[in-house]
Amino acid sequence: MAAAVLEQGEDAFRKIFRLYRRRSPPADLAEVLEFRPGEPRLRSVQFGVGALSDAAAARVGLQPLSDWSGYNVDGFQGFLFIVNPFLPGWQHRWVRQCLKLYPRKPNVCNLDLHMRGAGDLWDGSHAQLRRKSSQRRSEKKTLLEKLRWVTLGYQYDWDTKKYYKEQRSAFPVDLAELSRCVSLACGFPNFKAEAGILNYYHMDSSLGIHVDESELDHTSPLLSFSFGQSSIFLLGGLSRDAAPTPMMMHSGDIMVMSGASRLLYHAVPRILRHPGGGVLPPCLSVPPSTEDTSPLMEPCSPPDWEVCEAYLRSSRINVTVRRVLEEGGNFPEEGDRAAKEGTPGDAYHTEDPEMEERGGPKRIRPGQD
Ligand code: OGA
Ligand code: MN
């Protein structure tokens, strides 16, 4: 970390964030933790045999539990990393859901203000996206490429940083089931998927330093799924004075933040092309599975996959799933809510490196000053 110089008034987290955010010269990735056997800071996790049946796992595209590999990281009690447990050809279905289905009403997305009368995001973008990227270079971005976030279930309010009892749509059944399977496997049988935030990143995007504390239930884990290009994840402490640990996330990987790790500061300073040189990581280079073995999700058709593939060449999708209320819990009584202005959430996702260098974009989430 010799290259990271602490600026006056700068906290230790931000120093490391700036280091990995930097493009030139690019940061040395030697200290970024890769989740593979033999890493001294990692402890292999044994998943409870019988916690999740092979049949239930297969319905959502997961391998049998006995084939999963997961790790705890020294110093981060309650943090669990599962290395891509998806069956070959199945991440494709989740990517298609994230691009084609989840942005649709009644779910909420950053483009809602621009989309009145613009029709469906997917329908309006797929033809252009499927054309070869060389031909598209000079064309305007499609709406799908302008998508930054989608909220599911209890809609996260980016202005007030809260969830509200009345601001709720049905949580997607397939994603709720995937979350149930993962949480069962990890020893959280009471998890309920009540809210989801999907983040859509491009090669110059980042996600600012924050803590996810808006959920009223902090005893349940936060589940996080990654698809597409890779990224660096920084996991810090309860204060920004603790220097974070950089970790590498690849397509298909799942993170579980629970217990003492549920309220830690974290951020995504950088998106990286997956290692190996191909356009897509090997797990996405196989054709989509066409077996109709799941009553929950249709196969991803070859034409749909062409669109997803074109999108993922330079993008990463992150899906986080949260439980908002504790068992038997309720929302606090609310007074009048302030009127909203502007496009919520836009300032939270930044693609302007200068913004970070100048002291950061306006922070939207709690703990982001
Ligand atoms: C979030 C989050 C991390 C990621 O949505 O709260 O921290 O990996 N996402 O994109
Ligand atoms: Mn987060």
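Only a predicted model underlies this, so the values are computations on that prediction, with no experimental measurement involved.

A. Region of the structure containing empty space enclosed by the protein. Across all of its chains, the model carries one cavity of 30 Å³ or more by this definition. Here the largest cavity defines a volume of roughly 140 Å³. Along the wall of the largest cavity there are 18 residues; nearest its centre are Ser224, Phe233, His266, Asn318 and Thr320. The set of elements that each furnish at least two residues to the lining of the largest cavity consists of strand S6 (195-202), strand S7 (206-210), strand S8 (222-228), strand S11 (254-257), strand S12 (266-272) and strand S13 (315-322). With four residues, the single largest contributor to the lining of the largest cavity is S13. A class-by-class count of the residues in the lining of the largest cavity yields eight nonpolar, six polar and four charged.

B. Focus on the coordination of the manganese ion (ligand 2). His210 (NE2), Asp212 (OD) and His266 (NE2) make up the full set of protein donors to the manganese ion (ligand 2), lying at 2.0 to 2.2 Å. Between consecutive donor residues of the manganese ion (ligand 2), the sequence gaps follow H-x1-D-x53-H. Taken together, the residues span a long stretch of sequence, with Asp212 in the loop between S7 and S8 and His266 in strand S12 at a distance of 54 residues. We note that Asp212, like His266, is buried.

C. Representation of the packing of aromatic side chains within the structure. Across all of its chains, the model carries eight aromatic pairs by this definition. For the ring pair Phe35 and Phe81, a centre distance of 3.6 Å and an interplane angle of 0° mean the geometry is stacked. Here Phe35, found in the loop between helix H1 (12-21) and strand S1 (42-45), pairs with Phe81, found in strand S3 (residues 79-83); they are 46 residues apart in sequence, far enough to count as distant. The burial state of Phe35 is the same as that of Phe81; both residues are buried. Aromatic rings pair up to connect Trp149, Tyr156, Trp158 and Tyr163 into one cluster. Sitting over the ring of Trp90, Arg93 keeps its end group 3.7 Å from the ring centre. Here Arg168 stacks its cationic end above the ring of Tyr154, 4.1 Å away from the centre of that ring.

Scoring rules and cut-offs
Residues numbered from 1 in each chain as written. Chains lettered and ligands numbered in written order. Predicted model: local features only at pLDDT ≥ 70, side-chain atom pairs only at ≥ 80, totals over all residues. Heavy atoms only, no water. 1 Å grid on protein atoms, 1.4 Å probe; cavity = no way out; pocket = protein on both sides within 12 Å on 5 of 7 lines; lining within 4 Å. Points joined across faces, edges and corners; volume = space filled by probe spheres on them. Helix = DSSP H or I, 4+ residues; strand = E, 2+ residues; numbered from the N terminus. Nonpolar A, V, L, I, M, F, W, Y, C, P; charged D, E, K, R; others polar. Donors = N, O, S within 2.8 Å, 3.2 Å for Na, K, Ca; no water. Buried < 20%, exposed > 50% of the residue type's maximum accessible area, 1.4 Å probe, protein only. Phe/Tyr/Trp six-rings, centres within 6.5 Å; stacked < 30°, edge-to-face > 60°. Lys NZ or Arg CZ within 6 Å of the ring centre and 35° of its normal.

Honestly, that's just the spatial picture; any functional story needs more than this.
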